[in-house]
Amino acid sequence: QVQLVESGGGLVQAGGSLRLSCAASGRTFSSYGMGWFRQAPGKEREFVAAISRIGGSTYYAGSVKGRSTISRDNAKNTLLLQMNSLKSEDTAVYYCAARPTSYSALYYREADYDYWGQGTQVTVSS
């Protein structure tokens, strides 16, 4: 089992940047495929980005591709999401998620993930 705690959200102007962090408990962080999702007010939660358990592969939603970078530091049990050129439509609660796996696969569906953090609010002002 793993516990996830997000941080790094806040209020930023359009065009600005934020780096979200997700701290994971436990000693087997490298056994989890990881992902970021977000949920805007009145909308369903949607996929943002995913990274394989060792970090060799990444995958992005079209809405953030080219503006965001997902990365992980398995030695520090940390997942990161660097977001640049932020837009008002990026306003949402951002969640990190974990899926135990022995494969270097990427997962982009909510149902693929077993563990979720509590979320961190990102607000982009225009």
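Summary of the structure given here. (Residues numbered from 1 in each chain as written. Predicted model: local features only at pLDDT ≥ 70, side-chain atom pairs only at ≥ 80, totals over all residues. Heavy atoms only, no water.)

With that settled, the discussion passes to the pattern of salt bridges. Scanning the entire structure with this criterion turns up 6 salt bridges. Arg38 serves as the salt-bridge partner of Asp90, at 2.9 Å between the closest nitrogen and oxygen. Residue Asp90 is found in the loop between β8 (78-83) and β9 (92-100), and its partner Arg38 is found in strand β4 (residues 32-39); the two are separated by 52 residues along the sequence. Judged by relative accessible area, which is 2%, Asp90 ranks as buried. (Salt bridge = Lys/Arg side-chain N within 4 Å of Asp/Glu carboxyl O. Helix = DSSP H or I, 4+ residues; strand = E, 2+ residues; numbered from the N terminus. Buried < 20%, exposed > 50% of the residue type's maximum accessible area, 1.4 Å probe, protein only.)

Negative phi values dominate among residues other than glycine, just as trans dominates among peptide bonds. One non-glycine residue, Asn77, adopts positive backbone phi at about 55°. Within the secondary structure, Asn77 is located in the loop between β7 (68-73) and β8. A positive phi is found at Ser85, a non-glycine position, where the angle reads about 50°. Mapped onto the fold, Ser85 is located in the loop between β8 and β9. Among the residues examined, Ser85 registers a relative accessible area of 42% and is labelled partly exposed.

Of all hydrophobic cores here, the largest spans 35 residues; its most connected members are Met34, Trp36, Leu79, Leu81 and Tyr94. Counting residues per element, the ones that place at least two in this core are β3 (18-24), β4, β5 (46-51), β8, β9 and β11 (120-125). (Core = buried A, V, L, I, M, F, W, Y, C linked by side-chain atoms within 4.5 Å.)

Mapped onto the fold, Leu86 is located in the loop between β8 and β9. Residues Leu86 and Ala24, spaced 62 residues apart in sequence, show a C-alpha to C-alpha distance of 26 Å.

A separate point is the side chain of Arg67. Positionally, Arg67 belongs in the loop between β6 (58-60) and β7. The class for Arg67 is buried, based on a relative accessible area of 12%. For Arg67, the side chain forms a polar contact with the side chain of Asp90, separated by 2.8 Å. Each residue touching Arg67, except ones within four places of it in the same chain, is listed here: Gln82, Met83, Asn84, Ser85, Leu86, Lys87 and Asp90. (Polar contact = N/O pair within 3.5 Å; in protein donor to acceptor, adjacent residues only side chain to side chain. Contact = heavy atoms within 4.5 Å.)

Moving on to the state of the cysteines. Per the counting criterion, the structure on display carries 1 disulfide. Shown here is the disulfide that connects Cys22 with Cys96, its sulfur atoms set 2.0 Å apart. Its S-S torsion of approximately 50° makes the covalent link between Cys22 and Cys96 right-handed. With a gap of 74 residues between them, Cys22 in strand β3 and Cys96 in strand β9 connect regions that are remote in the sequence. The residues Cys22 and Cys96 share a single accessibility class, namely buried. (Disulfide = S-S within 2.5 Å.)

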